[in-house]
Amino acid sequence: QHKDAYQVILDGVKGGAKEKRLAAQFIPKFFKHFPELADSAINAQLDLCEDEDVSIRRQAIKELPQFATGDNLPRVADILTQLLQSDDSAEFNLVNNALLSIFKMDAKGTLGGLFSQILQGEDIVRERAIKFLSTKLKTLPEEVMTKEVEEFILTESKKVLEDVTGEEFVLFMKILSGLKSLQTVSGRQQLVELVAEQADLEQTFNPSDTDCVDRLLQCTRQAVPLFSKNVHSTKFVTYFCEHVLPNLSSLTTLVEGLDIQLEVLKLLAEMSSFCGDMEKLESNLKKLFDKLLEYMPLPPDEAENGENAGNEEPKLQFSYVECLLYSFHQLGRKLPDFLTAKLNAEKLKDFKIRLQYFARGLQVYIRQLRLALQGKTGEALKTEENKIKVVALKITNNINVLIKDLFHIPPSYKSTVTLSWKPVQKADASQKRASEDTTSSSPPKKASAGPKRDARQIYNPPSGKYSSNLGSFSYEQRGGFRGGRGRGWGGRGNRSRGRIY
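The structure displayed is predicted, hence computed values, not measured ones.

**Side note on the overall build of the protein**
Helices and strands together make up the secondary structure of the protein, namely 20 helices and zero strands. Expressed as a percentage of its 501 residues, the buried residues of the protein come to 52%. Contacts in the protein between residues at least 24 apart in sequence constitute 74% of all its contacts with a sequence separation of at least 6. Summed over its atoms, the accessible surface of the protein is roughly 23,700 Å², and 49% of this surface lies on carbon and sulfur atoms.

**Comments concerning the state of the cysteines**
According to the stated counting rule, one finds zero disulfides in the structure shown. C275 takes part in no disulfide bond, and the closest cysteine sulfur to it belongs to C241, at a distance of 7.6 Å.

**Thoughts on unusual backbone geometry**
At the junction of I409 and P410, the peptide bond is cis and its omega measures out at -10° in the coordinates. Of note, P410 is situated in the loop between α19 (384-407) and α20 (429-434). The backbone phi angle of D200 is positive, close to 55°, even though this residue is not glycine.

**Notes on the environment of I175**
Along the polypeptide, I175 turns up in helix α10 (residues 166-177). Overall, the relative accessible area of 6% leaves I175 in the buried class. Residues I175 and K136, 39 residues apart in the sequence, show an inter-C-alpha distance of 9.5 Å. Beyond its immediate chain neighbours, meaning those up to four positions away, I175 contacts I130, L133, S134, L137 and I153.

**As for helix α13 (residues 234-244)**
For α13, the tally of buried residues reaches eight of 11 residues, placing the bulk of the element in the interior. On its buried face, α13 is in contact with α11 (185-199), α12 (210-223), α14 (260-272), α15 (281-294) and α16 (318-332).

**Quick look at the nonpolar core**
A general feature of soluble globular proteins is that nonpolar side chains tend to end up buried together. Ranked by size, the top nonpolar core spans 148 residues in total, and within it I27, L80, F236 and L339 carry the most contacts. With 11 residues, helix α18 (residues 345-373) is the largest single contributor of residues to this core. In this structure, F236 is in contact with V192, V195, A196, A199, L201, T220, A223, F227 and M271, ignoring residues within four places of it in sequence.

**Notes on the side chain of S272**
Mapped onto the elements of the fold, S272 is located in helix α14. The exposure class assigned to S272 is buried, which follows from its relative accessible area of 2%. In this structure the side chain of S272 is engaged in a polar contact, spanning 2.7 Å, whose partner is the backbone oxygen of A269. Apart from the residues within four sequence positions on either side, S272 is in contact with V237, Y326, S327, Q330 and L331.

**Remarks on the packing of α16 against α19**
Two elements in contact, α16 and α19, have axes whose closest approach is 9 Å; the angle formed by their N-to-C orientations is 40°. Comparing the axis directions of α16 and α19 gives the class oblique. Crossing handedness for the pair α16 and α19: left-handed. Counted together, F318, S319, V321, E322, L325, Y326, F328 and H329 of α16 and I395, T396, N398, I399, L402, I403, D405 and L406 of α19 form the full contact between these two elements. Along the lines of polarity and charge, the residues of the contact of α16 with α19 split into 10 nonpolar, four polar and two charged.

Scoring rules and cut-offs
Residues numbered from 1 in each chain as written. Predicted model: local features only at pLDDT ≥ 70, side-chain atom pairs only at ≥ 80, totals over all residues. Heavy atoms only, no water. Helix = DSSP H or I, 4+ residues; strand = E, 2+ residues; numbered from the N terminus. Buried < 20%, exposed > 50% of the residue type's maximum accessible area, 1.4 Å probe, protein only. Contact = heavy atoms within 4.5 Å. Areas by Shrake-Rupley, 256 points an atom, 1.4 Å probe, with all protein chains shown as cover. Disulfide = S-S within 2.5 Å. Core = buried A, V, L, I, M, F, W, Y, C linked by side-chain atoms within 4.5 Å. Polar contact = N/O pair within 3.5 Å; in protein donor to acceptor, adjacent residues only side chain to side chain. Axes fitted to C-alpha atoms, helices over the stretch in contact; angles between N-to-C directions. Parallel < 35°, antiparallel > 145°, perpendicular 65-115°, else oblique. Left-handed = near helix turned anticlockwise from the far one by under 90°. Nonpolar A, V, L, I, M, F, W, Y, C, P; charged D, E, K, R; others polar.

Here is the structure:
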């Protein structure tokens, strides 16, 4: 009976500032009483959301959740998602709060609106909708984030992951790895498979294509924290051994100051601890062994064929050797007779000579480092120079332990070391994770902010120095993808533009 009066309120959006302010309050207030005017009411409120007067816009946005009833909710979620592109901070916060309040009414309906804009909306809307999900989902209570809602997020995310940039991929991994239902062993396995799909491990590896290299590294960084005794890294380790190691010296990247070869070797070392049964174990161990030999020089008087020509002392590249030796030691456990039965006597003798020479240089350097750090504690150890020496000591000690193992007759693979860039843990995290209940709902341990990244650290006896470039390298760093979507990780085609309320 008051339909005409409500129509007058709707027409108020065409009036002056006062009429619009009143309309912004009263349209939502009486909305539920006039279902036959629902479309007109929502459109009128939308006009106010786009008004030139910022105070009218804010009022209209604040009231939008009142329209989120029944079938209207996904549409309101869609509208609010588009409004995330606002550059006015107060307005942007209102949109965020409005989205969170309708989330609590109907999470799936709200996600439907968000994902439809991520898949089809403007780039700025897509970007902000993904950021909204990556920051806000974890704040929602369990009664909102039900198993069914989490399954919906996973299904929709898979559609988005068919075409993403490197940066978007990292955000989606953050969203998915935060879901309670994916904290189990089978959940982590699903995530690893998603990453492997993104990494496209079936493709031919092109070391001179920066996109190809950066994509692989970006994906591997996302996978590393997911691996455990129960979630194996075999697929990735196999790909690294077969395709990346043979091309190590020709790798290219656009990330400035990144020692790409060392970064690859560090990732391989971290993954090698969780490698399962490998099909071509012997041939991959041989590739790893050959690469290790490149960094284990012969003594100057033993060198032939121009190696270390001119009787110069060869450079010992400790950082590279730590990674390669550790990876070889981890995979060697699976084929303990590799050095004795699979290599001929001449090869083994050559390897032992290299190990011995390296160990001698190592002992000299360990003594120098211990002497330099002797008696230093607290603040003194925090200087840049001493930090480098502490890391150098970790690296050299690790190599020392591993070389001693390989000198055993027969070679032993029993020692355990913590890689120099990883924090020392009181209890071995992999043991803890292995004993996790497969239905456990506790989140996995967060990946550390990232391994220490050291530029090539070279020892040139007797006055060798480690590089002072020991910056931190985060797992979440964008791996130098070129441009936005459309380059880098594939184009998303033309999408419609403009308001699609």
